[in-house]
Amino acid sequence: MKSTRARFGALIAIVALPVLLTGCSNDSKLTRFGFPSPATKEGPTILTLWQGSWIAAGLVGILTWGLMIWAIVVYRRRDGDPLPAQTRYNVPLEIAYTIIPLVMVLGLFYFTAKDQSELTKLSGTQTHTVNVQGWRWSWGFNYTEEGAYDVGTPAARPVLYLPVDEKVKFVLTSPDVIHSFWIPAFLMKMDVVPGRHNSFEITPNKLGTFVGKCAELCGADHSRMLFDVKVVNRSEYDAHIAELKARGQVGLLDTGRQKVAGATQ
Ligand SMILES: [Cu+2]
């Protein structure tokens with residue numbers, strides 16, 4: 001019996017070790033459970049929710065698998081053992097395994113709802129507003145305050161410029177079907193729904209070039225709905241806007257697919 005307990009203890013240690021190690025080491029893809037390093041001020045809130053959910057799930061998994069393996073090993077039928085008494089309809093046990101998962105689901109719901117309402121709140125204090133238009137099969141960006149736009153095609157992916165450390169509000173519109181505006185490094189995505197103006201605010205705080213894509217299967221060329229995001233200094237941003245204007249991309253984009261003048265609300 002003693003050796004069985006020792007083996008069980010070793011098993012738990014092996015299962016728990018990666019979890020404990022990931023909790024102790026520095027920031028890496030492993031400790032982020034596969035998430036990219038957040039490139040926005042809001043990113044750490046989303047990352048913490050993701051990590052917390054995985055750690056909670058891992059602990060529940062270890063406890064559940066541990067108890068199962070323990071029961072299987074310690075109480076296994078040995079040669080000559082009679083069939084044990086078969087128990088069923090244990091009401092306290094059934095109440096317990098109804099209530100415990102309910103509490104866990106409510107816990108996950110509470111933290112998710114709390115963070116989500118914080119992340120989708122519109123403060124109205126943004127410095128820039130970008131009307132993002134997604135259509136089959138590319139994207140257009142209206143820099144509303146600046147009065148300039150950029151537009152892409154699947155072959156020439158558009159580039160969204162954002163100044164670092166300045167809050168931007170995205171207003172998402174679609175003239176055709178549902179798309180989803182996703183910049184993985186921002187740890188945030190939102191559906192682009194025809195007939196709706198979905199919005200969120202974000203403050204990019206890392207310089208660099210990031211990939212953006214459509215995250216809603218929208219048809220044959222869905223996978224070609226790519227764009228780049230360049231988070232740059234303010235001077236570089238202003239220069240880019242001036243360049244768009246010099247190319248004649250002034251005012252609001254009207255691709256002929258929809259009226260966008262009302263998309264700044
Ligand atoms: Cu799409």
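Residues numbered from 1 in each chain as written. Predicted model: local features only at pLDDT ≥ 70, side-chain atom pairs only at ≥ 80, totals over all residues.

**Quick notes on the overall build of the chain**
- Secondary structure assignment for the chain yields four helices and ten strands.
- Helices (α) and strands (β) of the chain occur, in sequence order from the N terminus, as α-α-α-β-β-β-β-β-β-β-β-β-β-α.
- Considering the chain as a whole, with its 265 residues, one finds that 19% of them fall into the buried category.
- The contacts of the chain with a sequence gap of at least 6 include a subset with a gap of at least 24, amounting to 68%. (Helix = DSSP H or I, 4+ residues; strand = E, 2+ residues; numbered from the N terminus. Buried ≥ 20, exposed ≤ 12 C-beta atoms within 10 Å, placed from the backbone. Contact = placed C-beta atoms within 7 Å.)

**What to know about the pairing of strand 3 (residues 148–151)**
- Across four bridges, strand 2 (residues 138–143) lies against strand 3 in antiparallel orientation. Residue pairing for strand 3: Gly140 is matched across the bridge by Val151.
- Taking the residues that link successive antiparallel strands as the turn, the strand 2-strand 3 hairpin has four residues, and the phi of Gly147 there is positive, at about 70 degrees. (Pairing = 2+ DSSP bridges.)

**Here's the deal with helix 4 (residues 234–246)**
- With 13 residues, helix 4 ought to run about 18 Å at 1.5 Å a step, and its terminal C-alpha atoms sit 18 Å apart, in line with that.
- Directly after helix 4, the chain includes Gly248, whose backbone phi takes a positive value near 90 degrees. (Expected span 1.5 Å × (residues − 1).)

**Overview of the pairing of strand 2**
- Burial analysis of strand 2 places six of its six residues in the buried class, which makes it a mostly covered element.
- Side chains Ser138, Gly140 and Asn142 project from strand 2 onto one buried face, and the interleaved Trp139, Phe141 and Tyr143 project onto a second face that is buried too.
- The antiparallel pairing of strand 1 (residues 128–135) with strand 2 creates a hairpin that spans two residues between the two strands.

**A few points about the sheet that holds strand 4 (residues 159–163)**
- Ordered by their spatial adjacency, five strands build an open sheet running 4-10-9-6-7, and the pairing between neighbours is mixed. With one partner strand each, in any of the chains shown, strand 4 and strand 7 (188–192) form the two edges of the open sheet. Averaged over all pairs of adjacent strands, the angle between strand axes in this sheet comes to 25 degrees, irrespective of strand direction.
- Judged from the six bridges that link them, strand 9 (residues 208–214) and strand 10 (residues 226–232) form a sheet pairing that is antiparallel. Residue Thr209 lies in a different strand from strand 10, and its bridge partner there is Lys230.
- The sheet contacts of helix 4 involve strand 4 and strand 10, and relative to strand 4 the element is tilted by about 140 degrees. (Axes fitted to C-alpha atoms, helices over the stretch in contact; angles between N-to-C directions.)

Geometric descriptors of this kind do not, in isolation, establish any biological role.
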